[in-house]
Amino acid sequence: WDNTTQDATADKDMGYVLGQVRIRKGNGGKTYAFVPNGVDSLNGSATLYVYQLNAAGGITATTKLVADASGGNGLMSLGMADLNGDGTIDTVYGGDLKGNVWRWDFTGNTPPTGAVKLFQATDGANPQPITGGIGVGRDNNGNVFVGFGTGKFIASSDLPGNAGYVTQT
């Protein structure tokens, strides 16, 4: 999934994919592969790639959903929900390096055009990266809960005592 070469053919929103790639059925009889763009993309964006797959697993269409194009970011983890119990994905949630939780609505027969920012995790001043998994659950009343942890252990600056390390809560 990575296309991180530094030449003119590079997709500037694709980084090193560290989050899980998820393949799920969508509405309209489509099958999608959902790929978070990861770290170190040339644009530093938080982007969800949605690949529509044919019956043989080939890619028939690609949709790139940029949630945050401000730089220094990357989409790391995904959570998903089938809200009406029909076996297809209705909502995709994503966490990024700036502590944002995003939501994409997949209830239609085509991918959405944008994301909704639900939350930003901070310690009061600094964003808290969301690099692990996102859990999604529902209670008996139909309320949807999105759970996640914060933290990052990717670069040498994430280790206590190393240059650039910042203690955060």
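What comes next concerns the included structure. (Residues numbered from 1 in each chain as written. Predicted model: local features only at pLDDT ≥ 70, side-chain atom pairs only at ≥ 80, totals over all residues. Heavy atoms only, no water.)

**Examining the overall build of the protein**
Part 1 of the reasoning: When you go through the protein residue by residue, the secondary structure sums to 0 helices and 10 strands.
Part 2 of the reasoning: What you see in the protein, going N to C, is helices and strands ordered as β-β-β-β-β-β-β-β-β-β.
Part 3 of the reasoning: In terms of C-alpha radius of gyration, the protein reaches 16 Å, essentially the compact-globule figure of 15 Å for 169 residues.
Part 4 of the reasoning: In terms of its C-alpha atoms, the protein occupies a principal-axis envelope of roughly 50 × 50 × 25 Å. (Helix = DSSP H or I, 4+ residues; strand = E, 2+ residues; numbered from the N terminus. Rg over C-alpha atoms; globule rule 2.2 N^0.38 Å.)

**Regarding the nonpolar core**
Part 1 of the reasoning: Ranked by size, the top nonpolar core spans 15 residues in total, and within it F34, L48, V92, W104 and F106 carry the most contacts.
Part 2 of the reasoning: Elements represented by at least two residues in this core include exactly β2 (31–36), β3 (46–53), β4 (59–68), β5 (75–81) and β7 (100–105).
Part 3 of the reasoning: Not counting the four nearest positions on each side in its chain, V92 is found in contact with F34, L48, L78, G79, M80, W102, R103, W104 and F106. (Core = buried A, V, L, I, M, F, W, Y, C linked by side-chain atoms within 4.5 Å. Buried < 20%, exposed > 50% of the residue type's maximum accessible area, 1.4 Å probe, protein only. Contact = heavy atoms within 4.5 Å.)

**Some points on the sheet that holds β2**
Part 1 of the reasoning: Read across the open sheet, the 4 strands follow the order β1-β2-β3-β4; overall the sheet is antiparallel. The two strands at the open ends of the sheet, each matched to only one other strand, are β1 (22–25) and β4. Going across the sheet, the axis of each strand differs from the next one's by a mean of 25°, ignoring polarity.
Part 2 of the reasoning: In the sheet, β2 pairs with β3 via 6 bridges, with the strands oriented antiparallel. Bridge pairing in β3 links V35 to Y49. (Pairing = 2+ DSSP bridges. Axes fitted to C-alpha atoms, helices over the stretch in contact; angles between N-to-C directions.)

**A few points about the sheet that holds β7**
Part 1 of the reasoning: The 4 strands lie next to each other as β5-β6-β7-β8, forming an open sheet whose pairing is antiparallel. Strands at the two margins of the open sheet, each flanked by one partner only, are β5 and β8 (116–120). Taken over all neighbouring pairs, the strand axes of this sheet differ in orientation by 25° on average, direction set aside.
Part 2 of the reasoning: One ladder, built from 4 bridges, connects β7 with β8; its direction is antiparallel. Residue W102 lies in a different strand from β8, and its bridge partner there is K117.

**As for the side chain of D96**
Part 1 of the reasoning: With respect to the secondary-structure elements, D96 resides in strand β6 (residues 91–96).
Part 2 of the reasoning: Within the buried set, D96 has no salt-bridge partner at all; the shortest N-O distance to an opposite charge, 7.4 Å, is to K117.
Part 3 of the reasoning: Only 3.0 Å separates the side chain of D96 from the side chain of N73, close enough to count as a polar contact.
Part 4 of the reasoning: Polar contacts involving the side chain of D96 include one to the main-chain amide nitrogen of N100, which spans 2.9 Å.
Part 5 of the reasoning: Apart from residues lying up to four places away in sequence, D96 is in contact with A46, N73, G74, L75, M76, W102, P129 and I130. (Lys, Arg positive; Asp, Glu negative; His and termini not counted. Salt bridge = Lys/Arg side-chain N within 4 Å of Asp/Glu carboxyl O. Polar contact = N/O pair within 3.5 Å; in protein donor to acceptor, adjacent residues only side chain to side chain.)

**Re the packing of aromatic side chains**
Part 1 of the reasoning: In this structure the tally under the stated criterion is 5 aromatic pairs.
Part 2 of the reasoning: Taken together, Y32, F34 and F106 form an aromatic cluster joined through their ring pairs. (Phe/Tyr/Trp six-rings, centres within 6.5 Å; stacked < 30°, edge-to-face > 60°.)

**Details of the pattern of salt bridges**
When their charged atoms lie close together, side chains carrying opposite charge are able to pair.
Part 1 of the reasoning: Inspection of the entire model under this criterion finds 4 salt bridges.
Part 2 of the reasoning: In this structure, K64 engages D13 in a salt bridge whose closest nitrogen and oxygen atoms are separated by 3.1 Å. Of this pair, K64 sits in strand β4 while D13 sits in the segment before β1, and the two are 51 residues apart along the sequence.
Part 3 of the reasoning: Where D68 meets K98, a salt bridge forms, and the shortest distance between an N and an O atom there is 3.8 Å. In this pair, D68 is assigned in strand β4 and K98 in the loop between β6 and β7, connecting sequence segments 30 residues apart.
Part 4 of the reasoning: Linked through salt bridges whose partners overlap, the residues forming this network are D11, D13 and K64.

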